[in-house]
Amino acid sequence: MTATRTAVTATATVSAEWRGRAEGLFPGGVNSPVRAYRAVGGEPPIIVRGDGARVWDADGVEYLDYVGAFGPFILGHAHPAVVAAVTDQARRGGPFGATSPGEVELAERIRDAMPSLERLRFVSSGTEAVMSALRLARAATGRELIVKFEGGYHGHVDSLLAQAGSGLATLALPASGGVPAAVASGTLLARYNDLASVRALFAAHGEGIAAVIVEPVAANMGVVPPAAGFLEGLRTLTREHGALLIFDEVITGFRVARGGAQSRYGVVPDLTTLGKIIGGGLPVGAYGGRADLMALIAPSGPVYQAGTLSGHPLAMAAGCATLDLLDPDLYDGLERSSAALEAGLRGAIEELEARASVSRVGSLLTLFFRHTAPRDFDEVREADSDAFARFHAAMRESRILLPPASQEAWFVSAAHTDADIQRTIGAARDALGA
Ligand code: PMP
């Protein structure tokens, strides 16, 4: 008891000092908004170290971590093979402003796992991958409109910062300051898992729609799996209307299966965007797809896209080391531990008759404070975010770090042990009870 209290007091000292300095430097004290904990309250942690499923804050307090850096760390933090690969490459230098073998090696691994990426291009973030894929889609079709889904997140691409207009087939308004209305109006909003909403957009704007972009498993409104037939329906509709289908697999790629959601659900998009896991925790993104489309990218075609740090050797090394460990056994283990977590949370919810539900696809999971798991963004918004904030704080008291917003996925890694999962279930039961 005394030891715990000492640790908590210490947290208020060293971490608080770093937070103070960060607040004087960065907007909101952070370099990416969700890290500021505005959705859950409480002081955002200052993390100094990670190892496996654990992270430590600036005061040495240890947490079991389900943030997983928001997706890359399917192997856990600082996996020895990844650290060795990155260290080895760092000694050899780079980047060189020239192609180096790591790019080829990572690209070959990606194409083996996801054959729809006949050609691909590395960039430095998921945002860049999406931005480039949209430019390509517009050039390839000679059309300008893009359909996205309410609650879908594709990075901070200007045109896709459009959120919910009201209802079906509404032209989007800018949801972020600084986005020109003309840019936002090139984005049409549909409802996830609602093919009729997509059909209506094609009926009204069919000739003008360049592409439909979708997270094949929605993971930025919390986890919402695709309804049966939804992805197939998107494939059919886009084909019928001469539009491209873009799967944003920045989260789902190598996460929900080695071949991503496209292999898990058996639907092949024209273009795919990737990030996170393929960089093993270093800055990376990629976009790719049909060879005839990718041939439009400079210098083989007229669509310009470039990057000083693209295909960075350190990121390529971390990516290769990560992908080399993602074999069927690893996915089986992840499925087992994630299923155990889901079952334990469901059990606690039933036992306590809590108004909550669990949604899971592979090692992506969300606990929603809503009686049934949501099927679209409207239902997601019905969940009780105050209840989630209290739950998050209680879990943090138990030294378990969850993503700091009710609409983020929890990332289970291969480093989470059965004991970690059981401890998480126990803490969740206590938190739900309180
Ligand atoms: N697409 C999806 C599906 C994402 O989840 C994210 C980031 N969470 C992005 C794109 C943007 O990636 P980045 O943050 O690397 O720019």
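All figures in this text were calculated on a predicted structure; none of them were measured in a lab.

Given two aromatic rings, one states the distance between the centres and the angle between the planes to describe the pair. According to the stated counting rule, one finds seven aromatic pairs in the structure shown. Ring centres of Phe149 and Tyr192 lie 6.2 Å apart, and the angle between their planes is 90 degrees; on these two criteria the pair is classed as edge-to-face. Of this pair, Phe149 sits in strand E5 (residues 145–149) while Tyr192 sits in the loop between strand E6 (187–190) and helix H7 (195–205), and the two are 43 residues apart along the sequence. Neither residue differs from the other here; Phe149 and Tyr192 are each classed as buried.

On to the side chain of Arg54. Within the secondary structure layout, Arg54 lies in strand E2 (residues 54–57). When near neighbours in sequence (up to four residues on either side) are disregarded, Arg54 contacts Arg49, Glu62, Tyr63, Leu64, His77, Asp420 and Arg423.

Spatially, four strands are ordered E1-E2-E3-E13 in an open sheet, and the strand pairing comes out mixed. Each edge of the sheet is formed by a strand with only one pairing partner; in this case those strands are strand E1 (47–51) and strand E13 (400–401).

Taken as a whole, the second largest pocket encloses approximately 400 Å³ of empty space. Lining the second largest pocket are 18 residues, with Thr99, Glu103, Arg121, Ser310 and Gly311 sitting closest to its centre. Counting residues per element, the ones that place at least two in the lining of the second largest pocket are helix H4 (101–113) and strand E4 (119–123). At three residues, the largest contribution of residues to the lining of the second largest pocket is made by H4. The residue makeup of the lining of the second largest pocket, split by class, is eight nonpolar, eight polar and two charged.

Moving on: the pattern of salt bridges. Taken as a whole and judged by the stated rule, the model has 21 salt bridges. Two residues, Arg54 and Glu62, come together in a salt bridge whose shortest N-O distance is 3.0 Å. Where Asp324 meets Arg109, a salt bridge forms, and the shortest distance between an N and an O atom there is 2.7 Å. With Asp324 in the loop between helix H11 (313–323) and helix H12 (328–352) and Arg109 in helix H4, this pair connects stretches of sequence that are 215 residues apart. By relative accessible area, which is 23% here, Arg109 ends up partly exposed. Beyond isolated ion pairs, a larger network of salt bridges with shared partners links Glu150, Arg191, Asp194, Asp376, Asp378 and Arg381.

In the neighbourhood of the ligand, the contacting residues comprise Ser125, Gly126, Thr127, Tyr153, His154, Gly155, Glu215, Asn220, Asp248, Val250, Ile251 and Lys276. Between an oxygen atom of the ligand and a side-chain N or O atom of Thr127, the distance comes to 2.6 Å. The separation between a nitrogen atom of the ligand and a polar side-chain atom of Lys276 is 2.8 Å. Residues of the shell around the ligand, tallied by class, amount to three nonpolar, six polar and three charged.

As a further point, take the environment of Ala394. Relative to the helices and strands, Ala394 is located in helix H14 (residues 385–397). Expressed as a C-alpha distance, the spacing of Ala394 and Gly93, which sit 301 residues apart in the sequence, is 45 Å.

Before going further, it helps to examine the nonpolar core. If you look at the biggest cluster of nonpolar residues, it comprises 72 residues, and the most contacted ones within it are Phe254 and Phe391. The element best represented in this core is H12, accounting for seven residues. Built from parts of two domains, this core gets at least three residues from each of domain 1 (2–65 + 327–433) and domain 2 (80–324). Counting 28 residues, the second largest nonpolar core, distinct from the first, contains Val147, Ile209, Leu231 and Leu234.

On to the domain arrangement of the chain. Accessible area lost upon the coming together of the parts serves often as the stated size of an interface. Parsing the chain into structural domains produces domain 1 (2–65 + 327–433) and domain 2 (80–324). Every contact between the two is made by 22 residues of domain 1 and, on the other side, 23 residues of domain 2. Contact between domain 1 and domain 2 buries roughly 1,900 Å² in total, counting both sides, with carbon and sulfur atoms accounting for 56%. The tally of links from domain 1 across to domain 2 stands at three salt bridges. A salt bridge links Arg381 to Glu150, with the nearest nitrogen and oxygen atoms 3.8 Å apart.

Let us now look at the sheet that holds strand E7 (residues 209–214). Read across the open sheet, the seven strands follow the order E4-E10-E9-E8-E7-E5-E6; overall the sheet is mixed. Lying at the two open borders of the sheet, with one neighbouring strand each, are E4 and E6. Looking at each pair of strands side by side, their axes are set apart by 20 degrees on average, direction ignored. Two elements, E7 and strand E8 (residues 244–248), share four bridges in a ladder whose sense is parallel. Paired with Ile213 across the bridge in E8 is Ile246.

The next subject is H4. Taking 1.5 Å as the rise per residue, H4 with 13 residues should run 18 Å; its terminal C-alpha atoms sit 19 Å apart, in good agreement. Turning to H4, its buried residues number three or more, namely Glu103, Leu106, Ala107, Ile110 and Ala113. Relative to the axis of H4, the buried residues are bounded by an arc of 125 degrees and lie together on one face. Among the exposed residues of H4, those pointing more than 90 degrees away from its buried face are Pro101 and Asp112. Turning to H4, the residues buried within the fold contact E4, strand E9 (271–275) and H11.

How each quantity is defined
Residues numbered from 1 in each chain as written. Predicted model: local features only at pLDDT ≥ 70, side-chain atom pairs only at ≥ 80, totals over all residues. Heavy atoms only, no water. Phe/Tyr/Trp six-rings, centres within 6.5 Å; stacked < 30°, edge-to-face > 60°. Helix = DSSP H or I, 4+ residues; strand = E, 2+ residues; numbered from the N terminus. Buried < 20%, exposed > 50% of the residue type's maximum accessible area, 1.4 Å probe, protein only. Contact = heavy atoms within 4.5 Å. Pairing = 2+ DSSP bridges. 1 Å grid on protein atoms, 1.4 Å probe; cavity = no way out; pocket = protein on both sides within 12 Å on 5 of 7 lines; lining within 4 Å. Points joined across faces, edges and corners; volume = space filled by probe spheres on them. Nonpolar A, V, L, I, M, F, W, Y, C, P; charged D, E, K, R; others polar. Salt bridge = Lys/Arg side-chain N within 4 Å of Asp/Glu carboxyl O. Near = heavy atom within 4 Å. Polar contact = N/O pair within 3.5 Å; in protein donor to acceptor, adjacent residues only side chain to side chain. Core = buried A, V, L, I, M, F, W, Y, C linked by side-chain atoms within 4.5 Å. Domains from an automatic or database assignment. Buried area = accessible area lost by both parts, 1.4 Å probe. Axes fitted to C-alpha atoms, helices over the stretch in contact; angles between N-to-C directions. Expected span 1.5 Å × (residues − 1). Arc of directions from axis to C-beta.

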